[in-house]
Amino acid sequence: MKQQNIVIIIAMKKDLEKEKELAAKEAVKYLKDNTIIGLGTGSTIYYVIKEIAELVKNGLKIKAVPTSIKTQELAISLGIPLIDINTVDKIDITIDGADEFTKDLTLIKGGGGALLREKIVASMTIQEIIIADSSKLVEKLGKFKLPIEVVPFASTYVHSKIKELQGKGEIRHINNQTFLTDQGNYIIDADFGFITNPSELSIALNEIEGVVGHGLFINLTQKVIMGSTDQVIVFEK
Ligand code: 5RP
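Residues numbered from 1 in each chain as written. Predicted model: local features only at pLDDT ≥ 70, side-chain atom pairs only at ≥ 80, totals over all residues. Heavy atoms only, no water.

Some thoughts on the overall build of the protein
- A count of helices and strands for the protein gives six helices and 15 strands.
- The principal-axis extents of the C-alpha atoms in the protein amount to approximately 55 × 55 × 35 Å.
- Considering only residue pairs separated by 6 or more positions, the protein has 76% of its internal contacts joining residues 24 or more positions apart. (Helix = DSSP H or I, 4+ residues; strand = E, 2+ residues; numbered from the N terminus. Contact = heavy atoms within 4.5 Å.)

A closer look at the site of the ligand
- Around the ligand, the structure places 17 residues, and the nearest of them are Ser43, Thr44, Asp99, Gly110 and Lys136.
- Between an oxygen atom of the ligand and a main-chain N or O atom of Gly97, the distance comes to 3.3 Å.
- Gly110 places a main-chain nitrogen or oxygen 2.7 Å from an oxygen atom of the ligand.
- For the ligand, the accessible surface in isolation is 380 Å², of which the surrounding protein chains cover 90%.
- Contributions of two or more residues to the shell around the ligand are made by helix H2 (43-57) and helix H4 (115-123).
- Here the shell around the ligand is built from residues that sort into three nonpolar, nine polar and five charged. (Near = heavy atom within 4 Å. Polar contact = N/O pair within 3.5 Å; in protein donor to acceptor, adjacent residues only side chain to side chain. Areas by Shrake-Rupley, 256 points an atom, 1.4 Å probe, with all protein chains shown as cover. Nonpolar A, V, L, I, M, F, W, Y, C, P; charged D, E, K, R; others polar.)

So, the packing of aromatic side chains
- Tallying each qualifying case throughout the model produces two aromatic pairs.
- Note on Tyr46 and Tyr47: the rings are 5.7 Å apart at their centroids and 70° apart in plane angle, and the pair reads as edge-to-face.
- Residue Tyr47 is classed as buried on the basis of its relative accessible area of 12%.
- Aromatic pair Phe101 and Phe235: ring centres 5.5 Å apart, planes at 65°, arrangement edge-to-face. (Phe/Tyr/Trp six-rings, centres within 6.5 Å; stacked < 30°, edge-to-face > 60°. Buried < 20%, exposed > 50% of the residue type's maximum accessible area, 1.4 Å probe, protein only.)

Side note on the pairing of strand E15 (residues 231-236)
- Both strand E14 (residues 223-228) and E15 contribute to a ladder of six bridges, which runs antiparallel. Residue Ser228 lies in a different strand from E15, and its bridge partner there is Gln231.
- Adjacent in sequence and paired antiparallel, E14 and E15 are bridged by two residues, among which Thr229 carries a positive phi angle near 50°. (Pairing = 2+ DSSP bridges.)

With respect to a nonpolar patch on the surface
- Side chains of Val151, Phe153 and Val212 sit close together on the surface and give an oily, nonpolar patch of about 320 Å² of accessible area.
- Relative to the assigned elements, Phe153 resides in the loop between strand E7 (146-150) and helix H5 (155-164).
- Overall, the relative accessible area of 84% leaves Phe153 in the exposed class. (Patch = residues over 30% accessible without salt bridge, like charges linked within 9 Å, V, L, I, M, F, W, Y side chains within 5 Å. Salt bridge = Lys/Arg side-chain N within 4 Å of Asp/Glu carboxyl O.)

So, the nonpolar core
- Core analysis: the biggest nonpolar cluster contains 24 residues, and Leu31, Ile37, Val48, Ile52, Ile80, Ile95 and Ile131 have the highest contact counts within it.
- When residues of this core are traced back to their parent elements, those giving at least two are helix H1 (2-27), strand E1 (35-39), H2, strand E2 (62-66), strand E3 (91-96) and strand E6 (125-133).
- Among the elements that take part in this core, H2 stands out by supplying seven residues, more than any other.
- For Ile80, the contacting residues outside a window of four places in its chain are Ile49, Ile52, Ala53, Ile62, Ala64 and Ala75.
- Among the nonpolar cores identified, the runner-up in size contains 18 residues, and Ile108, Leu141, Val158 and Leu216 belong to it. (Core = buried A, V, L, I, M, F, W, Y, C linked by side-chain atoms within 4.5 Å.)

So this is what it looks like as C-alpha cells:
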C-alpha cells in the first residue's frame, strides 16, 4: 500500500516537469534576432536556458541579462552571450518563473532568492513572460510565503514591522545556514495568510527601511504561459 503512494507522487512530479518544459518551449517562440533578453532564475527557467542555448547554436542572435549568479553560470556554460545590465537602458523580452500567480498576472516570486535582480530586470523589460507549471496558478496569493530581501543590519527591525502588518516572518536557512542572496542580504519568508490586497501590502513593505525588495510582482507581467498536462494555457492582460 505504501509503495503505491510513492509511485503516485513520482508520477505527479514528472508531469509538472513536463509542464515546465512545454511552457519553456512555447515561451522561446517569442524570441527574435538582435534583441536583449532577460533570463530568470529557477528550475522552470532551466528548461528555457537549455532551449535558448540550442537556438543560439542554430544562429539566434541575442544578448542575455541573467537575474542571478546561478543563471549567469549556466548561461555561460552553455554558450549564451551575456551583456552587462548597466550597458542597456531596456530589455526587450524576459522569460522568468513564479512561485504563485493569479489570473490577473500578479505574482509571488523569490523562492529561489533572486527576487531583487528579477524585479529590476522585469522593471526594465518591455515584454515580461512568466512560465509556470499548473501548480503555480492560485485563486489568491499567499499560501507560498512571501520572500522579502532585507539588509542583515535591519533584520530584527524588519521582523517587527512585518509583525505590525499582521505577518509572521522567518529568516531563510538552507542546510542549517542562513541563506544569503547574490547581494549578500537575508531573505525573510513571511506568512501574511491569503493576501487580499497585494498592492497595499507591496507599498507597506516598500516603506520599511532595510527592505530592499519583496516578491510581490504587480503590473510587471504581460503574459503567463502555463503548462497544463500536454498543452499550454496563456494568460494575458
Ligand atoms: C527565483 C524565482 C523563481 O522564478 C521561482 O522561485 C520559481 O522557481 P521554480 O521554477 O524553481 O519553481 O522567483 O527567485
